[in-house]
Amino acid sequence: SVVDFCPVHFFDGIFKNKQAQINVTSVAGHIFSREFPDEFNDRKATDPIALFDAPTIQKEATNVSKKIIEHLKTEAKGADYLVLWLDNDREGENICFE
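Parameters and conventions
- Per-chain numbering applies: the sequence of each chain, read as written, is numbered from 1 onward.
- In keeping with the predicted nature of the model, local features appear solely for residues at pLDDT of at least 70, side-chain atom pairs appear and are counted solely at 80 or more, and the whole-chain, interface and lining totals rest on all residues.
- Side-chain figures throughout are based on the complete set of non-hydrogen atoms in the structure, without hydrogens or water.
- Secondary structure counts use DSSP, requiring at least four H or I residues in a row for a helix and at least two E residues in a row for a strand, with both numbered from the N terminus.
- Computation of the radius of gyration draws on C-alpha atoms, with the globule rule given as 2.2 Å multiplied by the number of residues to the power 0.38.
- Note on contacts: a residue pair qualifies if any of its non-hydrogen atoms lie within 4.5 Å across the two residues.
- Surface accessibility in these figures is a Shrake-Rupley result with a 1.4 Å probe; residues are shielded only by whichever protein chains are displayed.
- The definitions used throughout rest on a 1 Å grid laid over the protein atoms alone, on which a cavity is an enclosed set of points accommodating a 1.4 Å probe that cannot get out and a pocket is an open set flanked by protein within 12 Å on both sides along at least five of seven lines; lining residues are those having an atom within 4 Å of a point.
- Grid points are joined across faces, edges and corners, and a volume is the space filled by probe spheres set on the points.
- Residue polarity follows a fixed list, in which Ala, Val, Leu, Ile, Met, Phe, Trp, Tyr, Cys and Pro are nonpolar, Asp, Glu, Lys and Arg are charged, and the others, Gly among them, are polar.
- At least two DSSP bridges between two strands are needed for those strands to be called paired.
- The patch calculation keeps residues exceeding 30% relative accessible area without a salt bridge and links them within 9 Å when they carry like charges or within 5 Å when they are nonpolar (Val, Leu, Ile, Met, Phe, Trp, Tyr).
- What counts as a salt bridge is simple: a side-chain nitrogen of Lys or Arg found within 4 Å of a carboxyl oxygen of Asp or Glu.
- Each residue is placed in one exposure class: buried if its accessible area under a 1.4 Å probe, protein chains only, is under 20% of its type's maximum, exposed if it is over 50%, and partly exposed if it falls in between.

Chemist: A description of the overall build of the protein should follow, citing residues and the corresponding values.
Modeler: The helix and strand inventory of the protein stands at 2 helices and 4 strands. In the protein, the succession of helices and strands from N to C terminus is β-β-β-β-α-α. Since a compact globule built from 98 residues should have a radius of gyration of about 13 Å, the 18 Å found for the protein marks it as more spread out than a globular shape. If you line up the protein on its principal axes, its C-alpha atoms span 60 × 30 × 20 Å. Residue pairs at least 24 apart in sequence account for 46% of intrachain contacts in the protein once pairs closer than 6 positions are excluded. Taken as a whole, the protein presents about 8,300 Å² of accessible surface, with 53% of it coming from carbon and sulfur.

Chemist: Which residues make up the layout of surface pockets, and what values do they have?
Modeler: Space inside the largest pocket adds up to approximately 1,400 Å³. Lining the largest pocket we find 35 residues, and of these Asn23, Tyr81, Leu82, Val83 and Leu84 sit closest to its centre. Of all elements in the fold, only β1 (9-15), β2 (18-24), α1 (63-76) and α2 (90-97) reach the threshold of two or more residues within the lining of the largest pocket. Element by element, the count of residues in the lining of the largest pocket is highest for β2, at 7 residues. Its residues assigned to classes, the lining of the largest pocket comprises 21 nonpolar, 7 polar and 7 charged.

Chemist: Break down the pairing of β1 for me, citing the residues and quoting the values.
Modeler: In the sheet, β1 pairs with β2 via 7 bridges, with the strands oriented antiparallel. Residue pairing across strands places Gly13 opposite Ala20, the latter belonging to β2. A loop of 2 residues connects β1 with β2, the two strands running antiparallel in sequence, and Lys16 in this loop sits at a positive phi of about 55°.

Chemist: Mind laying out the environment of Gly29, listing which residues take part and the relevant values?
Modeler: Assignment of secondary structure puts Gly29 in the loop between β2 and β3 (33-35). In this structure, the C-alpha to C-alpha distance between Gly29 and Val64, residues 35 residues apart in sequence, is 9.1 Å.

Chemist: Account for a nonpolar patch on the surface, naming residues and giving values.
Modeler: On the surface, Val27, Leu72, Leu82, Leu84 and Leu86 cluster together to form a nonpolar patch covering roughly 420 Å² of accessible area. With respect to the helices and strands, Leu84 occurs in the loop between α1 and α2. By relative accessible area, which is 48% here, Leu84 ends up partly exposed.

Chemist: Break down the environment of Ala79 for me, citing the residues and quoting the values.
Modeler: As for its placement among the helices and strands, Ala79 is situated in the loop between α1 and α2. By relative accessible area, Ala79 is classed as partly exposed at 42%. Along the primary structure Ala79 and Arg43 are separated by 36 residues, whereas in three dimensions their C-alpha atoms are 46 Å apart.

By themselves, these figures tell us nothing about what the structure is for.
So, in structure tokens, the structure goes:
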């Protein structure tokens with residue numbers, strides 16, 4: 001594993017009615033973050049309703065996030081399928097989209 005805190009576990013199983021080697025790993029946190037532009041960061045001066053239509057900025061990955069990206073790329077090499085199993089909520093959907 002490229003990342004010590006995201007171990008990879010291997011086992012044999014059946015996937016789509018075929019024998020398969022299944023590699024299971026995890027991620028830690030988000031790959032990207034979204035923030036409001038500076039003019040929206042003064043919470044006392046900003047009407048919360050304005051935030052619904054405010055633009056957002058996608059921030060670059062942190063050093064830890066870059067390691068997670070490399071970890072997933074390394075584990076995905078040679079794979080026929082990638083199955084993402086995340087929490088069934090907006091945050092899980094966002095992580096999957098990233």
